[in-house]
Structure formats: C-alpha cells, structure tokens
Amino acid sequence: GDSVTQMEGPVTLSEEAFLTINCTYTATGYPSLFWYVQYPGEGLQLLLKATKADDKGSNKGFEATYRKETTSFHLEKGSVQVSDSAVYFCALGGGGNKLTFGTGTQLKVEL
Amino acid sequence: DTAVSQTPKYLVTQMGNDKSIKCEQNLGHDTMYWYKQDSKKFLKIMFSYNNKELIINETVPNRFSPKSPDKAHLNLHINSLELGDSAVYFCASSLAINFRREKNEQFFGPGTRLTVL
C-alpha cells in the first residue's frame, strides 16, 4: 500500500538557517504529493503541492520538487523565521483522493 | 466566512457515552473526509464521502458512524466511547473525488479535541 516516510523531529534551527525536511514515499501509480503545515492549536493548512514528476511546488519561501527517480519530495527553505515553527506533514494523494500522511516533523526556530 | 468548520472544538466525556461531531463546508465541494490525529500527531484517514455516498472506510470500528445529510455536511457519531478514542478529529473537503488533480487539494477544519475519561 501507499506509505510516506519523513524525518523524525524535532528539528531545532536558529533564525535564518537553511531548512531541509526529508520525505520519501511508496505508492502505486503516480500520486500527487503535498506538504501541510500545522501551527500550534490549529488545523492543517496546505503549504505546497506537486502533481507530477519534476514539478516544483513553492509557497512562502518553501519549495519541494517531485522526484520520481528517488521517490522523494523534500521540503526546503533558505532562511527560516521564528514564525515558521510548526509541525510539517508530507502527504501522498492516492486512489479516491485519499491522503496518506507521514508522521510529521516538528520544527522549532529560535532567535 | 469559514471554509470548513467543526463543532465542538473541545469535547470531554465519560467512557461509554455516545457523542457526535459536526462538520460543515461552504466551499461547494462534493467530497468530505474525516481524519484522526493521535497523541503523537499521526494522521490517518477514517472515512470519505462523495456527494453523500461513502467512498472510503478505513477499517474503523463500527462504533464510528459517519452521516452525510447533504453535500455540505459530514457528521461523525461515536457510540460507546473508549479511552483510545481520545484524539483530535479533523474534517476536510475537496472539490470532487475524481476532479483533476491540479485543483483537488483538501481543505481542513480546525479540529475537534475529544477527551474520553
């Protein structure tokens, strides 16, 4: 079945540091890939997405590229801010538009 | 102007009780979902409905019964609550189950934190 593996957290960075959160997936067919963000006490918000191989999703300085050859969708940001502190979920959109989530990675950004 | 709303936001109840969580979306979407997020933040789909028809039922105990009175609502009723049901439950919606993938992302509600004592 479909599965998503993302790096364990928490990840603690200083403000303006470079961020990478790794995500790899296993799926049948050609899924869409997503990153969702959950700020403390809130629901999930779609951060970015990619619907086919080599697509790059980007939003608010975050980027991720759909790599079919390595089955990966790593999240990157060049310079993180304290306001980026949240839990980040990698997800795969499979049959029936069902989302399969990774375990989430908590990011803490400190001054 | 809330897109996907859930009530209540918090629900504290005793084991063995029956409770319901309501979800409404005003986005005009055809498909709605329920997800469960456990204490370790792991999210898993429970159900999806497309135009009031059950599409996905992910081996959820039959104490959980979703009900969709119309396309804009998907309620979750839970019978005989157990300690292990304590979690945050998220409702979500999307345009349609087989709409083109470029536009078919899911929009999530704020969540309902259920605590079973």
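Rules of the game
- Residues numbered from 1 in each chain as written.
- Chains lettered and ligands numbered in written order.
- Predicted model: local features only at pLDDT ≥ 70, side-chain atom pairs only at ≥ 80, totals over all residues.
- Heavy atoms only, no water.
- Helix = DSSP H or I, 4+ residues; strand = E, 2+ residues; numbered from the N terminus.
- Rg over C-alpha atoms; globule rule 2.2 N^0.38 Å.
- Buried < 20%, exposed > 50% of the residue type's maximum accessible area, 1.4 Å probe, protein only.
- Contact = heavy atoms within 4.5 Å.
- Areas by Shrake-Rupley, 256 points an atom, 1.4 Å probe, with all protein chains shown as cover.
- Lys, Arg positive; Asp, Glu negative; His and termini not counted.
- Charge placed at Lys NZ, Arg CZ, Asp CG, Glu CD.
- Pairing = 2+ DSSP bridges.
- Disulfide = S-S within 2.5 Å.
- Axes fitted to C-alpha atoms, helices over the stretch in contact; angles between N-to-C directions.

K.L.:
How should the overall build of chain B be read in this particular structure?
P.N.:
Within chain B, the secondary structure is distributed over 0 helices and 11 strands. Going from the N terminus to the C terminus, chain B shows its helices and strands as β-β-β-β-β-β-β-β-β-β-β. Taken over the C-alpha trace, chain B has a radius of gyration of 14 Å; the compact-globule value for 117 residues is 13 Å, and the two agree within 12%. The principal-axis extents of the C-alpha atoms in chain B amount to approximately 45 × 30 × 25 Å. Counting all 117 residues of chain B, 45% fall into the buried class. Nonlocal contacts in chain B, meaning residues at least 24 apart in sequence, comprise 56% of its contacts between residues at least 6 apart. With an accessible surface of roughly 6000 Å², chain B has 50% of that area assigned to carbon and sulfur atoms. Each charge sign in chain B was given a centre, from 15 positive and 12 negative side chains, and these centres are 4 Å apart.

K.L.:
Sorry if this is basic, but what is going on with the pairing of strand S8 (residues 62-65) of chain A here?
P.N.:
Look at any regular strand and the pattern is simple: side chains alternate between the two faces of the sheet. Residue and element names in this part refer to chain A. Bridging between strand S7 (residues 56-59) and S8 involves 4 bridges; their strand directions are antiparallel. Note on S8: the bridge partner recorded for Lys56 is Thr65. The hairpin formed by S7 and S8 contains 2 residues between the paired strands, and Lys60 there has a positive phi angle of roughly 50 degrees. Across 2 bridges, the pairing between S8 and strand S9 (residues 75-77) is antiparallel. Its bridge partner lying in S9, Phe62 is registered against Lys77.

K.L.:
Would you explain the state of the cysteines in this entry?
P.N.:
What we call a disulfide is simply a covalent bond connecting the sulfur atoms of a pair of cysteines. What the rule picks out here adds up to 2 disulfides over all chains. Here Cys23(A) connects covalently by a disulfide to Cys90(A), the sulfurs 1.9 Å from one another. Taking the torsion about the sulfur-sulfur bond, which here is approximately -70 degrees, the covalent link between Cys23(A) and Cys90(A) counts as left-handed. Highlighted residues: Cys23(A) in strand S4 (residues 23-26) and Cys90(A) in strand S10 (residues 86-93), separated in sequence by 67 residues. Side by side, Cys23(A) and Cys90(A) carry an identical accessibility label, which is buried. Here Cys23(B) engages in a disulfide with Cys91(B); their sulfurs sit 1.9 Å apart. One quick way to see it: the torsion about the S-S bond of Cys23(B) and Cys91(B) is about -75 degrees, and its sign makes the bridge left-handed. Pair noted here: Cys23(B) is in strand S3 (residues 19-25) and Cys91(B) is in strand S9 (residues 87-94), with a separation of 68 residues, a long-range link.

K.L.:
Quick question: what am I supposed to make of the sheet that holds strand S1 (residues 4-7) of chain B here?
P.N.:
Sheet strands associate in pairs through backbone hydrogen bonding, adopting either a parallel or an antiparallel arrangement. Residue and element names in this part refer to chain B. The strand order across the open sheet formed by 4 strands is S1-S3-S8-S7, and the pairing between neighbours is antiparallel. Two strands close off the open sheet at either side, each with one partner strand: S1 and strand S7 (64-70). Between one strand axis and the next, the sheet turns by 20 degrees as a mean value, whatever way the strands run. The pairing of S1 with S3 spans 4 bridges and is antiparallel. From the neighbouring strand, Val4 faces S3, where its bridge partner is Gln25.

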